[in-house]
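Summary of structural features
This is what each chain is made of:
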Amino acid sequence: MNLTHQDFLAFLGGARDTLIYCAVSFPLALFLGLILALMSGSHLLWLKTPARIFIEVMRSTPMLTQLFLLYYGVGAVLVSFNLAQYDNAWVAGITSLALNYAAYEAEIFRAGMLSVDYGQIEAALSLGFTKRQSFLRIVLPQAIPLMIPPFVNDFIYMLKDSSVVSIISGTELTAVLSAWVSHHGSNPFAGYALAIVLYLLLSLPTSYLARLLEQRLRANL
Amino acid sequence: MNKRGTKGLNSLFFIALTVVIFGFFYYLYSFKPLIILYLPFLLQGTVATIIISLVSIVLATLLGFGGALGRLSSYVPIRWLATLYVEVIRGTPVLVQLLIWYYGFGNLLSSLGFNPYTIAFQLMTVLQNNSLVPDSFNGFFYGVIGLSFNYGAYLTEVFRSGIESVPRGQSEAALSLGFTPWHTLRRIVLPQAIRLTIPPFTNYFITLIQDSALLSTFAITELEQQTYALAFPQVDANKKLFVFVYGALFYLIICYPLSLLARYLERRMARG
Amino acid sequence: MYKLTRRKLLKQARQAGGVIAVGASLESLLVACGGNISTTSNAPGATSVASKGLLVPDKLQWGADFTSGAPYVFKDPANPNNLVGFEVEVANAIAKLMGITQHQVETDYNKLEAALQANQFDMIMNGWEITEDRKKTELFSVPYYHYGQQTVVRKDDERFAKFNDTSDVSLTDLEGYTVGTGAGYKAADILGTDTKIKTKLYDTDLPFDDLAQKKIDAVLIDQPAVAYYVLGAGPGGTKNPDLRPIGKPFKADDYVVGFNKQNPNAQTLLNEINQAFDILKKDGTLHRIYVKWSMWNDLQAQIGIV
C-alpha cells in the first residue's frame, strides 16, 4: 500500500468536490430543463424551435467537446463583461454539466407531462381553471412522482460524468486520481481501488434510494 | 395572444432563424481554407471513432448478453458475479475505468510480457503489412476493451429486463412441449425480448460514440484527439475556437441521425 | 490440415488488418502501399554513430506529445500531414548520423514516464528536464538545449512598460500579479515558490489566449514556447500582435533525453546519443535548427553548442 494519509485526504477532498459539482449543477439542470420542456411543448414556433435545436445539439455531441467549447467560449464572454475572475474550471465545469443535463432533463419533464391524460386538462379548463392553474395544480402534481426515478438516475450519471471535468484540470476525484497516478506510475492500483470505492460510496446509496423510491411510488399508483 | 399576433411573431421568428442559420454558415465560410485543409484529417478521425464504436458495441452486446444470462441464472455464484460486475461498472465513471484498463492493466500486462502492439505488429509482419499497425494500437486495444466492459454492464440490464418482460408462462409452455431450455430461449423468449431492447440499445450506442471521445486522453487518433492536434498549434484564438466547432459538427453528423432512428423506433414500439 | 488452418488464419488476419488500416493515419496508409516497415538494415553508406541500443533495429523511437506540443513537436497547421518542430529536426539529425530512421511515438505528456517504463519507445525527448523523481527511474543524456523561463505580458500593459526585452526580470517583478503557465511545466514549480504570485495552471492549452484576453497579467514559460506563440517562429507560427516578451530568460535549465534505467540497453543508447549530440553541437546543425525556430541565444555556448 503506497497511499499515505495525505493522499487519502486528497482523494476525500476530490470526492467532496465531485459532490459539490453535482449538487450545484443538478438543480441548475432541472431548472433549465423545465424551461426547455415548457418551451419545446409550446405552440409558438419561436419558443419551440430554439429549444429543440438546443436539446438535439446537446444530446448529439460529446460532453468533452462541449466542455472545451465552453471553456473557450464562456471564457471570452465573461471577459467581455469584465468578469474574468470568474473564469475557471469550476464555472466551465458546472456550466457544461448543467447545460448538457438540462437537455436530458427536459426530455424527462416532457415525457412526464405528456403522461398526464389530456382529458384532465380539458376538464380543469372547463371548470374555469386558468391554463397556468391547470398546469400547476393538475398536471405537475401527477407528473412529478413519475419523473423522480429518472431524475435520480440522471443524478447518478452526473456523479460519474463529472469525471470529465478532470480534463480541464478541475479538482474533483478523477483529477486527484490522475495526479496521484502520474507520481505513482509503477504501482497505481491502490489509487485506482480507492477512487473506485469512493465513487461506489457516492453512487450506490443514491441508486439504492432511487430503487426504494420507485417501489414506493409504484405501490402508490 | 390573438391569431394575427402569433402569425406576425412567427414570421418575425422565421426571419430571425434564417439570419442565424445564414450567420452560422457565413461563420463557417469565413474559415473556408481551414475547412478544406482539415477535412481529410477530421474525416479520418471520424472513421476511427466509428470503427472503435462499432467494435466496442459488438463486444458489449456479447458481454451484455452473457451478463443477462448470468443475472437470470439459477446458479447463485454466477448470479452474484454478474451482479457485482453490473454494480461496480455502473457505479464508477467510464473515464476511471478506461484509465485503469490502459495504465493499470496495460502496464501490468506489458511488464509480464503481454503487449498487444507487438503481437499485432508481428502478425502483420508475417502478412507483409506491419506498417498498418498504428503506434497507439495498445490504446485502441485497451480503450475498446474498457468501453465494451462498461457498456456490457448497461446492456446486461437492458437485455435482462427485455428477457424478463416475456411472460414466464410462455417458456413453461415451451418446455412442457419438449423444447430444450436453449431452444426456448432462442425461439420463444429472444424474438420477443429483442423488440423491446432495440430502442434503449440504440440510445446506449449513441452515448458510446460520445464516450469514445475520452480515448483522446490515450493519444489515440480518433475524432477528438485529431481536433486537439489541429486546434492547439493555432496561434489565432478565433481559429482555435473554430477547429473545436468544426470537430463538434462531425459528432453531430454521426449522432443526430442515430438519435432520430432511436426516437422512430421508440414511437413504433409504443404503437405496438 | 496444417495448410488449411494456416490459410484460414491468414484470411482472418487480413480482414482484421483492413479494420486497423482505416484507423491508421493517412501517412501510414500511403506507406502501406510499400508493404512492411523495413526491419532489416538498409546500410546507407558510412555511419558516424552506432545504433546498437535500440529496441527495434534501425528505428529510433522517441516518445513525445504532439497534441499540445508546439514548437517541440506538432502537426504543421498549414499542412497537418507533416509533423514539425525543433525536436523533430533534432531527431532527424541524430537518425541521419546513425544512418537509420526516426519515429515519434505519440504519448500524453503526463504519461511519458509510464510509457518509457513500459518500453513503448527508446527515449523521451519532449523538453524533458532532470528532476529528483525522474532520477530514480531514468538515465539522462547530455543537454541539447539550454533554456530559460521567459516572461510575457500584453503590449499595452502600462504596469510593465518599464521593462524591455533586455532588462532583468525576476520573480519579484511578478509579485502581486496573476501569472499563467502550463501544468507540469517547470515554471509551475518556480512560481509555486513565491507565495505573493497568484499562479494559474493550464492543462491542455497554453495560456497565451487568456493573457491576450486580460484574464491573467503575465505568462512565465519555457522560452521555446514563447518563440512559437508570441514571436511567430517556425512554420504555422504567426507573430502575436498583442503580446511581447520582457526581460532575459531566467532560471536556466537544460533539455535532456530520458532513458529507461530498467532497459539493459539504455546505457549503450545513452552513449550513442551523447556521441551524436557532441557531433551536432560542433558541426553547427543544432545552431542552425535553433536559429530557424528563434531559439538561438548566447546561453547555448554554456553547453558547448557552436
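Residues numbered from 1 in each chain as written. Chains lettered and ligands numbered in written order. Predicted model: local features only at pLDDT ≥ 70, side-chain atom pairs only at ≥ 80, totals over all residues.

Section: the overall build of chain A
Stated formally: Think of it this way: any DSSP run of H or I at least four residues long counts as a helix, any run of E at least two long counts as a strand, and we number them from the N terminus. Counting other C-beta atoms within 10 Å of its own, a residue is labelled buried from 20 upward, exposed at 12 or fewer, and partly exposed in the gap between, with every C-beta atom placed from the backbone. Throughout, a residue-residue contact means that the two C-beta atoms, derived from backbone geometry, are no farther apart than 7 Å.
Helix and strand counts for chain A come out as eight helices and zero strands. Counting from the amino terminus, chain A carries its helices and strands in the arrangement α-α-α-α-α-α-α-α. Counting only C-alpha atoms, chain A reaches 70 × 50 × 25 Å along its principal axes. Sorting the 221 residues of chain A into buried and exposed places 38% on the buried side. Within chain A, counting contacts between residues at least 6 apart in sequence, those at least 24 apart form 76% of the total.

Examining the pairing of strand E1 (residues 59–64) of chain C
Residue and element names in this part refer to chain C. The test is simple: Here the rule is simple: two strands pair whenever DSSP picks up at least two bridges between them.
Note: E1 against strand E4 (residues 101–106), six bridges, orientation parallel. If you follow Lys59 over to E4, its bridge partner there is Thr101. With two bridges connecting them, E1 and strand E5 (residues 123–128) associate as parallel partners. Considered in E5, the bridge of Gly63 is made with Ile124.

Thoughts on the nonpolar core
For soluble globular proteins, the rule of thumb is that nonpolar side chains tend to be buried together. Put simply, the rule is: Throughout this description, the term nonpolar core refers to a group of buried Ala, Val, Leu, Ile, Met, Phe, Trp, Tyr and Cys residues whose C-beta atoms join them within 7 Å. Per the annotation, domain bounds derive from an automatic or database assignment of domains.
Within the largest apolar cluster, 199 residues are counted, with the highest numbers of intra-cluster contacts made by A:Leu67, A:Ala195 and C:Ile94. When residues in this core are grouped by element, the largest group, 14 residues, is from helix H6 (residues 137–164) of chain B. Two domains share this core, each providing at least three of its residues, namely domain 1 (59–145 + 255–303) and domain 2 (146–253) of chain C. Setting aside residues up to four positions removed in sequence, C:Ile94 forms contacts with C:Leu60, C:Gln102, C:Ile273 and C:Ala276.

Structural notes on the packing of H6(B) against helix H8 (residues 181–211) of chain B
The relative placement of two packed helices comes down to the angle between their axes together with the axis-to-axis distance. All names here are of chain B. The line we're drawing: Only the contacting stretch of a helix is used when fitting its axis, a line to C-alpha atoms as for every element, and angles between N-to-C directions run 0 to 180 degrees. Note on terminology: angles under 35 degrees are roughly parallel, angles over 145 are roughly antiparallel, angles of 65 to 115 are roughly perpendicular, and the others are oblique. Each crossing gets its handedness from the near helix: less than a right angle anticlockwise from the far helix is left-handed, clockwise is right-handed. Throughout, the ten residues Ala, Val, Leu, Ile, Met, Phe, Trp, Tyr, Cys and Pro are labelled nonpolar, Asp, Glu, Lys and Arg are labelled charged, and all others, Gly among them, are labelled polar.
Packing of H6 against H8 brings their axes to within 9 Å, and their N-to-C directions diverge by 150°. In terms of orientation, H6 lies roughly antiparallel with respect to H8. At the point where H6 passes H8, the crossing takes the right-handed sense. Judged by residue contacts, Leu147, Tyr151, Tyr154, Leu155, Val158, Phe159, Gly162 and Ile163 of H6 engage Val189, Ala193, Ile194, Leu196, Thr197, Pro200, Phe201, Tyr204, Leu208 and Asp211 from H8. Per-class residue counts for the contact of H6 with H8 are 15 nonpolar, two polar and one charged.

So, helix H4 (residues 89–114) of chain A
Every α-helical turn comprises 3.6 residues, leaving residues that sit three or four positions apart pointing alike. All names here are of chain A. Here is the rule: Multiplying 1.5 Å by the residue count of a helix minus one yields the expected span of that helix. Note that the bend at a residue is defined as the angle between axes fitted to the seven residues ending at it and the seven residues starting at it.
For H4, with 26 residues, the first-to-last C-alpha span of 37 Å sits near the 38 Å given by 1.5 Å per residue. A bend of about 30° at Ala102 is the largest found in H4. The buried fraction of H4 is high, at 19 of 26 residues.

Regarding the confidence of the model for chain A
Cut-off, in case you're wondering: The score called pLDDT rates the predictor's confidence residue by residue, from a low of 0 to a high of 100.
When pLDDT is averaged along chain A, the result is 85, and 92% of the positions lie at 70 or above. Within chain A, helix H3 (residues 63–80) of chain A has the poorest average pLDDT of any element, 78, and helix H1 (residues 5–40) of chain A the best, 92.

What to know about the environment of C:Asn164
Within the fold, C:Asn164 resides in the loop between strand E7 (145–154) and strand E8 (178–182). Between the C-alpha atoms of C:Asn164 and C:Ile246, which are 82 residues apart in sequence, the distance is 5.4 Å.

Here we look at the pairing of E5(C)
Residues and elements named next belong to chain C. Counted residue by residue, E5 has six buried out of six residues, so it is predominantly covered. Judged from the three bridges that link them, E5 and strand E11 (residues 243–260) form a sheet pairing that is antiparallel. Of the residues in E11, the one forming a bridge with Trp128 is Val256.

Quick word on the packing of H8(B) against helix H10 (residues 237–271) of chain B
Residues and elements named next belong to chain B. The N-to-C vectors of H8 and H10 enclose an angle of 165°; their axes lie 9 Å apart at closest approach. By the angle between their directions, the pair H8 and H10 is classed as roughly antiparallel. Like other packed secondary-structure pairs, H8 and H10 cross with a definite hand, here left-handed. Residues Arg195, Leu196, Ile198, Pro199, Thr202, Asn203, Phe205, Ile206, Ile209 and Gln210 of H8 pack against Tyr251, Ile254, Cys255, Leu258, Ser259, Leu261, Ala262, Leu265, Glu266 and Met269 of H10. Taken together, the residues of the contact of H8 with H10 break down into 14 nonpolar, four polar and two charged.

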